[in-house]
Amino acid sequence: MLSGWKTRPALKWFVSVMLLLLFCVLGSGCREVETIQREIWKKLQTKVLKKKKPFIPREGITMRSCSLYQTANPNSEVIRRLPAETPIDLLDKVGDWYRVRTRDQREGYLDERMVGGEDIIVLTRKLRKSIEGMPVQAEGAVKSKANFRLEPGREPKVVEVLQPGKKLEMYERVVTLRRAAKPPTAEIATRGRAAEQAAEEEEPGSPVNPSDDQVRKDVWYKVKLEDGRVGYIYTHNIKFTPPADIAKMVPFMRLLAWRTISTTDDPDMGSKNNYVAAYAPIGKDAGCDYTRIYNMNWSRRSKRHVIGMQIKLPGVLPITNYHFEGKPGFSVRYLHPTNKDKLVLKSYVLSQGRLRAVSEEEIPNTHQVH
C-alpha cells in the first residue's frame with residue numbers, strides 16, 4: 001500500500017485536496033461549499049484529469065558513450081553499453097528518460113542528457129563530412145579537463161568533459177570573439193572555483209584591440225577523437241605530440257601543424273619521412289594560424305633531419321596534399337594582402353630536395369577572423 005502511494009503522485013495530490021476541502025468546509029460553513037467544490041473540480045480537471053500530450057516517435061542519437069538500462073532507473077540492469085553517436089529510435093518519454101530502440105532491435109531506457117535529436121544528428125553528420133579527404137594537421141592529447149562541443153565558442157552546449165590524456169587528431173583552427181569579462185568579486189571567485197575545476201580551464205583569449213572595453217579572441221581546434229567523434233576543444237586544453245625527430249628543431253617558435261610530404265630511403269636507417277611543418281610565434285597573436293613554413297628533409301650524410309627551406313607567410317590551416325608531374329608536394333592558404341574576403345592558395349612541389357612553387361590562385365576566405 002505504501003509503495004503504491006509513493007508511485008502514484010496524482011492519487012496523493014487528490015487525497016491532499018480532499019483533506020483541504022474538508023478543512024475548508026468545517027472552517028467556513030456550508031454556504032461556501034459549492035464554490036469551493038467548483039474551484040477544486042476545476043483544478044482536478046487541469047492538473048489530474050488533463051490528458052498527457054502524446055509523444056511523437058522520432059530518430060535520435062547518443063551524445064556520448066552511455067548505458068542502455070532495463071528500466072528508467074540508473075540502478076536497474078544494464079542491457080548493453082552504447083558507443084557515442086549510436087543511431088536510436090526514440091519511442092517514448094518517461095520523466096527524465098527516453099524509451100529507445102537500437103538498430104539491432106533492443107529496447108531500453110536512456111537518460112535524456114545522453115540523447116540528441118534531429119539537430120544533433122544533422123550537426124554530427126556535417127562535422128564528419130567537413131573533414132572527409134582532409135589530411136590530419138597535428139596529433140595530440142587532452143592536457144587538462146576539456147569541454148567537448150559540436151560548435152566553437154563558450155555558449156554551445158558541452159557534450160562531454162574529456163579527461164586528460166585522451167588522444168585526438170587536429171584538422172582546423174577556428175577563432176571566435178567575445179567581450180572581456182569584468183573581474184569577479186572575491187566572494188564570487190571563491191564560490192565559482194569548484195565549478196571551474198570541474199570543467200576545463202578555459203583561459204582568457206588574446207585581446208583584439210587594447211581598450212577599456214576589450215574584445216578578446218578565443219581559439220578552438222576542430223578535432224577527431226579516438227571514437228570517431230568530431231567537435232571543438234579550446235586550444236589551451238590540448239598538447240600536440242609531434243614526431244620526436246622534429247619536435248625541437250625550431251625552439252624559438254610554436255609547432256602548430258606538420259605533414260609528411262615524401263620519404264627518403266636511407267641504406268643505414270631505413271625509410272625516413274620528409275616533413276612540412278607550420279610554426280607560430282610563442283605568446284603572440286599573429287592574426288593568422290601560422291607565420292612560417294619549414295621543409296624538413298632527412299639527410300643521409302648527417303643521419304638527421306635538416307631544414308631545407310623556410311617560407312614566411314600569414315598562413316591559414318589546413319595544409320593539404322598536392323602532386324605535380326609525379327612529384328610530391330603540398331598546398332598552403334594565406335591571407336590575401338589587400339582583400340580580407342580572399343585567401344591565396346599556393347602549391348609547392350619537392351624536387352631534388354628543394355621546394356618549388358608551381359601554382360597560385362585566389363579562393364574565398366570562409367573565416368573573417370584568424
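Residues numbered from 1 in each chain as written. Predicted model: local features only at pLDDT ≥ 70, side-chain atom pairs only at ≥ 80, totals over all residues. Heavy atoms only, no water.

Asks: Hey, could you go over the overall build of the protein for me, with residue numbers and the actual values?
Replies: Of the regular secondary structure elements, the protein holds five helices and 22 strands. The proportion of buried residues among the 370 residues of the protein is 40%. Considering only intrachain contacts with a sequence separation of at least 6, the fraction spanning at least 24 residues in the protein is 55%. Per element, the accessible surface of the protein, about 22,100 Å² overall, is 53% carbon and sulfur. (Helix = DSSP H or I, 4+ residues; strand = E, 2+ residues; numbered from the N terminus. Buried < 20%, exposed > 50% of the residue type's maximum accessible area, 1.4 Å probe, protein only. Contact = heavy atoms within 4.5 Å. Areas by Shrake-Rupley, 256 points an atom, 1.4 Å probe, with all protein chains shown as cover.)

Asks: Explain the sheet that holds strand 16 (residues 254-266) to me, and be specific about the residues and the numbers.
Replies: Read across the sheet, seven strands follow the order 16-17-18-19-20-21-22 without closing on themselves; strand pairing throughout is antiparallel. On the outer flanks of this sheet lie strand 16 and strand 22 (354-364), each paired with one strand and no other. On average, adjacent strands in this sheet sit at an angle of 30 degrees to one another, irrespective of strand direction. As judged from the seven bridges shared by strand 19 (residues 304-324) and strand 20 (residues 327-335), these two strands associate in the antiparallel manner. When the sheet's bridge partners are listed, valine 316 is paired in strand 20 with arginine 333. (Pairing = 2+ DSSP bridges. Axes fitted to C-alpha atoms, helices over the stretch in contact; angles between N-to-C directions.)

Asks: Could you give an account of the confidence of the model for the protein, with specific residues and numbers?
Replies: Mean pLDDT over the protein stands at 84; residues scoring 70 or higher make up 77%. Between residues 1-7, whose pLDDT stays under 50, and residues either more than four places distant or in other chains, the model counts two contacts. Between residues 187-200, whose pLDDT stays under 50, and residues either more than four places distant or in other chains, the model counts 15 contacts. (pLDDT = per-residue confidence, 0-100.)

Asks: Account for the packing of aromatic side chains, with residues named and values stated.
Replies: Per the counting criterion, the structure on display carries seven aromatic pairs. Ring geometry for phenylalanine 240 and tryptophan 258: centres 6.3 Å apart, planes at 80 degrees, overall edge-to-face. Here the residue phenylalanine 240 occupies a position in strand 15 (residues 238-240), and tryptophan 258 occupies one in strand 16, the gap between them amounting to 18 residues. Aromatic rings pair up to connect Tyr221, Phe240 and Trp258 into one cluster. Seen from the ring of tyrosine 98, lysine 93 lies directly overhead, with NZ or CZ sitting 5.1 Å from the centre. Just above the ring of tyrosine 234 sits the side chain of arginine 154; from NZ or CZ to the centre is 5.3 Å. (Phe/Tyr/Trp six-rings, centres within 6.5 Å; stacked < 30°, edge-to-face > 60°. Lys NZ or Arg CZ within 6 Å of the ring centre and 35° of its normal.)

Asks: Give me the lowdown on empty space enclosed by the protein, citing residues and values where you can.
Replies: Tallied over the entire structure, the rule returns one cavity of 30 Å³ or more. Approximately 40 Å³ is the volume attributed to the largest cavity. Residue lining of the largest cavity: Ile61, Thr62, Met63, Glu85, Ile120, Thr124, Leu150, Val159 and Arg229, and that is the complete set. Elements that contribute at least two residues to the lining of the largest cavity include exactly strand 1 (58-62) and helix 4 (118-130). Taken together, the residues of the lining of the largest cavity sort by class into five nonpolar, two polar and two charged. (1 Å grid on protein atoms, 1.4 Å probe; cavity = no way out; pocket = protein on both sides within 12 Å on 5 of 7 lines; lining within 4 Å. Points joined across faces, edges and corners; volume = space filled by probe spheres on them. Nonpolar A, V, L, I, M, F, W, Y, C, P; charged D, E, K, R; others polar.)

Asks: Which residues make up the side chain of asparagine 297, and what are the values?
Replies: Examined against the element boundaries, asparagine 297 turns out to sit in strand 18 (residues 290-299). At 3.0 Å, the side chain of asparagine 297 forms a polar contact with the side chain of asparagine 295. (Polar contact = N/O pair within 3.5 Å; in protein donor to acceptor, adjacent residues only side chain to side chain.)

Asks: Could you give me a rundown of helix 4, with the residues and numbers involved?
Replies: Here helix 4 spans 18 Å end to end across 13 residues, near enough to the 18 Å set by a 1.5 Å rise per residue. Every buried residue of helix 4 is accounted for by Ile120, Ile121, Leu123, Thr124 and Leu127. Taken end-on, helix 4 shows its buried residues confined to a sector of 170 degrees, consistent with a single buried face. With respect to the buried face of helix 4, the exposed residues turned more than 90 degrees away are Glu118, Asp119, Arg125, Lys126 and Lys129. Its buried side turned inward, helix 4 meets strand 1, strand 7 (115-116), strand 13 (215-225) and strand 14 (230-234). (Expected span 1.5 Å × (residues − 1). Arc of directions from axis to C-beta.)

Asks: Explain the nonpolar core to me, and be specific about the residues and the numbers.
Replies: In this structure, Ile233, Tyr290, Ile293, Ile319 and Phe330 are the most contacted members of the largest nonpolar core, which totals 56 residues. Among all residues touching isoleucine 233, those that are not within four sequence positions of it are Val142, Ala146, Asn147, Phe148, Leu162, Leu168, Val219, Trp220, Tyr221, Val223 and Ile238. With ten residues, the next largest nonpolar core counts Cys66, Ile88, Leu110 and Val115 among its residues. (Core = buried A, V, L, I, M, F, W, Y, C linked by side-chain atoms within 4.5 Å.)

Asks: Which residues make up the pairing of strand 20, and what values go with them?
Replies: Hairpin geometry of strand 19 and strand 20 is characterised by an intervening segment of two residues between the two adjacent antiparallel strands and by a positive phi of about 55 degrees at glutamate 325. As paired strands, strand 20 and strand 21 (residues 342-351) are joined by seven bridges and run antiparallel to one another. Directly across from valine 332, in strand 21, lies its bridge partner lysine 346.

Asks: Help me get a handle on the pattern of salt bridges, residues and values and all.
Replies: Under the definition given, this model contains 19 salt bridges. Of the charged contacts in the structure, one is a salt bridge between arginine 106 and aspartate 104, with a shortest N-O distance of 3.7 Å. (Salt bridge = Lys/Arg side-chain N within 4 Å of Asp/Glu carboxyl O.)

Asks: Lay out the pairing of strand 11 (residues 167-179) in plain terms, naming residues and giving numbers.
Replies: As paired elements, strand 8 (residues 138-142) and strand 11 share four bridges and run antiparallel to each other. Looking at the pairing, glycine 140 lines up with leucine 168 of strand 11.

Asks: Which residues make up unusual backbone geometry, and what values do they have?
Replies: Proline 318 follows leucine 317 through a cis peptide bond whose omega is 10 degrees. Structurally, the position occupied by proline 318 is in strand 19. The backbone of glutamate 85 shows a phi angle near 60 degrees, a positive value even though the residue is not glycine. Tracing the backbone through its elements, the reader meets glutamate 85 in the loop between strand 3 (78-82) and strand 4 (87-94). By relative accessible area, which is 13% here, glutamate 85 ends up buried. In this model, glutamine 105 sits at a positive phi of 70 degrees, which is unusual for a non-glycine residue. Within the secondary structure, glutamine 105 is located in the loop between strand 5 (97-102) and strand 6 (107-111). Note on glutamine 105: relative accessible area 57%, which makes it exposed.

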